[in-house]
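# Remarks on the overall topology
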Amino acid sequence: MSVHRIIIGAGGGIAKAFYQQILELEPETLITRISSQDITDAIHCDYSETSIREVCQNLSTADELSVHIFNGQLVSEGSFPEKSLKAFDSDYFQRLIHSNTIVPMLFLKYLLPLFKPKTRGLISVLSARVGSIDDNHLGGWYSYRASKSALNQMLQCLAAELRHRSPSTTVIAFHPGTTDTELSKPFQKNVSAERLFSPQFVASRLYSLCSQPVSADRALFTDWQHEAIAW
Ligand SMILES: NC(=O)c1ccc[n+]([C@@H]2O[C@H](COP(=O)([O-])OP(=O)(O)OC[C@H]3O[C@@H](n4cnc5c(N)ncnc54)[C@H](OP(=O)(O)O)[C@@H]3O)[C@@H](O)[C@H]2O)c1
């Protein structure tokens, strides 16, 4: 049986740890990595729609196909998440919508033909608990929250579409918890040591979640403890 794992946004902290995990545990698996960075053996993509389409057109399907998407931004070009609506900035919001929502969905759009009726498929996309509307009691972080909420909504749409197209494919929106990567660096000072996870730990939690996929009709929004998050 052929197995193919596609890692998108492969230059990120969690993505690199996830790749190492697969290398160690699945030496036979075909792994494709895609990144905007120059990484040896990875496919380069500039995240424009043309570039995403070209990259995806050259990828092959497999009996077992997993797509793992890690793309996401929080601080962007010197702009930080908004503490108040006063700070809402359309350029910052558009950049976050592009990296956090549009880029993952364009990849999935162009990878959709690889998911056949008999494919045992899995799609995991890094989301964030703050994308939960139900869980939003504190407010703030308007753009980041909204970009992840939009991502979650689209993943639920995709799960509905896949029910007919590729019924053995599971879609997971994954919340890693606060993880020690470039993305969280500016926000780590108030996080206790036991709540700041290593990329290796989070990668192992994602790996174990993806290794026991439940055949679900709907997309799952799940945290690092494998507990469901309210949408
Ligand atoms: N770290 C945390 O505490 C935390 C908490 C909740 C959710 N998350 C989510 O986890 C995911 C992985 O983040 P990380 O913690 O590993 O951070 P990271 O090391 O900063 O990785 C950033 C990721 O985003 C991609 N990326 C960077 N700029 C981009 C752009 N302009 N357009 C599209 N993609 C871009 C990178 O891909 P390439 O560089 O390979 O192109 C990489 O996959 C993100 O979706 C993030 O929102 C992280």
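Note that this is a predicted model, so its numbers are computed, not measured.

To continue, consider the side chain of S127. With respect to the helices, strands and loops of the structure, S127 is situated in the loop between β5 (120–126) and α4 (142–165). Residue classification places S127 among the buried residues on the basis of a relative accessible area of 3%. In this structure, S127 is in contact with K148, L151, N152, A173, F174, H175, P176 and F221, ignoring residues within four places of it in sequence.

A word on unusual backbone geometry. You will see that Y47, though not glycine, has its phi angle at about 70°, which is positive. Tracing the backbone through its elements, the reader meets Y47 in the loop between β3 (43–44) and α2 (49–57). Of note in the backbone geometry, E77 takes a positive phi value of approximately 50° without being a glycine. Position of E77 relative to the elements: it lies in the loop between β4 (64–69) and α3 (90–111).

In the vicinity of the ligand, 28 residues are found, and the nearest of them are G9, S35, S36, Y47 and T181. In the complex, 86% of the free accessible area of the ligand, which totals 890 Å², lies under the protein chains. Elements represented by at least two residues in the shell around the ligand include exactly α1 (13–25) and α4. Counted by class, the shell around the ligand contains nine nonpolar, 17 polar and two charged residues.

In this structure, I6, V67, F107, L108 and I123 are the most contacted members of the largest nonpolar core, which totals 34 residues. Breaking this core down by element, the ones donating at least two residues are β1 (3–8), α2, β4, α3, β5, α4 and β6 (169–175). In terms of residue count, the dominant contributor to this core is α3 (seven residues). In this structure I6 touches T32, I34, L59, L65, S66, V67, H68, L111 and L114, once residues within four positions along its chain are discounted. Membership of the second largest hydrophobic core comes to 21 residues, among which are I7, I22, F70 and L209.

This part takes up the pairing of β5. Counting buried positions along β5 yields six of seven residues, so the element is predominantly enclosed. One ladder, built from six bridges, connects β4 with β5; its direction is parallel. Bridge pairing in β5 places S66 opposite L122. This β-α-β element, β4 to α3 to β5, shows right-handed connectivity.

Take the environment of A159 next. Mapped onto the elements of the fold, A159 is located in helix α4. Since its relative accessible area comes to 7%, A159 is described here as buried. Separated by 12 residues in the primary sequence, A159 and V171 place their C-alpha atoms 6.0 Å from one another. Each residue touching A159, except ones within four places of it in the same chain, is listed here: V171, D217, R218 and A219.

Scoring rules and cut-offs
- Residues numbered from 1 in each chain as written.
- Predicted model: local features only at pLDDT ≥ 70, side-chain atom pairs only at ≥ 80, totals over all residues.
- Heavy atoms only, no water.
- Helix = DSSP H or I, 4+ residues; strand = E, 2+ residues; numbered from the N terminus.
- Buried < 20%, exposed > 50% of the residue type's maximum accessible area, 1.4 Å probe, protein only.
- Contact = heavy atoms within 4.5 Å.
- Near = heavy atom within 4 Å.
- Areas by Shrake-Rupley, 256 points an atom, 1.4 Å probe, with all protein chains shown as cover.
- Nonpolar A, V, L, I, M, F, W, Y, C, P; charged D, E, K, R; others polar.
- Core = buried A, V, L, I, M, F, W, Y, C linked by side-chain atoms within 4.5 Å.
- Pairing = 2+ DSSP bridges.
- Right-handed = clockwise from strand over helix to strand, strands pointing away.

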